[in-house]
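Here is how the chains run, residue by residue.
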Amino acid sequence: MSNEFGKFVEMNISGTEMVETVKSLYPKFDKTLLSKCKNGDVYGVDLRSDAMQALRAKYIPEQTAEKPRRKRDSSGHKLTCRIQCRLSDGQFDALQRHIRADGYATMQEWMAERVSEYLKRKEQE
């Protein structure tokens, strides 16, 4: 028996009750189909996630409570701010060729140097 259904069996929830709950979403759901879902490893049948969610909401409401969303972790980059622009294919290809010819390993390295030079120049004005 699937772990998901084991919780409901431990709580002594009858198959008839579970069928009635799922029938609200899927009117043709019956005890035979519930039995096949409970033994999904044998039959290759799983209960759809929305139906399982309905069962959890009705019989295990504390597990279905809306969890507060976590703020996304940072990307892990040391430098967190970024700039960007769009170029035509021709401009981009030429820029990449020239940057590599000048000895820069990455676009990041070249752009960071350009920005630093620009800021130094502006501070001197």
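Residues numbered from 1 in each chain as written. Predicted model: local features only at pLDDT ≥ 70, side-chain atom pairs only at ≥ 80, totals over all residues. Heavy atoms only, no water.

### Observations concerning helix H2 (residues 15-23)
Taken residue by residue, H2 has Gly15, Met18, Val19, Thr21 and Val22 as its buried positions. For H2, the angular spread of the buried residues around the axis is 160°, confining them to a single face. (Buried < 20%, exposed > 50% of the residue type's maximum accessible area, 1.4 Å probe, protein only. Helix = DSSP H or I, 4+ residues; strand = E, 2+ residues; numbered from the N terminus. Arc of directions from axis to C-beta.)

### What about the pattern of salt bridges?
Tallied over the entire structure, the rule returns four salt bridges. Two residues, Arg114 and Glu113, come together in a salt bridge whose shortest N-O distance is 3.3 Å. A residue is classified by how much of its surface remains accessible, and Arg114, at 28% relative accessible area, is partly exposed. According to the relative accessible area criterion, Glu113 is partly exposed, its value standing at 32%. Here Arg114 and Glu117 are joined by a salt bridge, their closest N and O atoms 3.1 Å apart. (Salt bridge = Lys/Arg side-chain N within 4 Å of Asp/Glu carboxyl O.)

### Considering the environment of Ser24
Take Ser24: it is sitting in the loop between H2 and helix H3 (31-38). Classification of Ser24 by relative accessible area gives exposed; the value is 60%. Along the chain, Ser24 and Ala54 lie 30 residues apart, while their C-alpha atoms are 9.2 Å from each other. A polar side-chain atom of Ser24 sits 2.6 Å from the main-chain carbonyl oxygen of Thr21. (Polar contact = N/O pair within 3.5 Å; in protein donor to acceptor, adjacent residues only side chain to side chain.)

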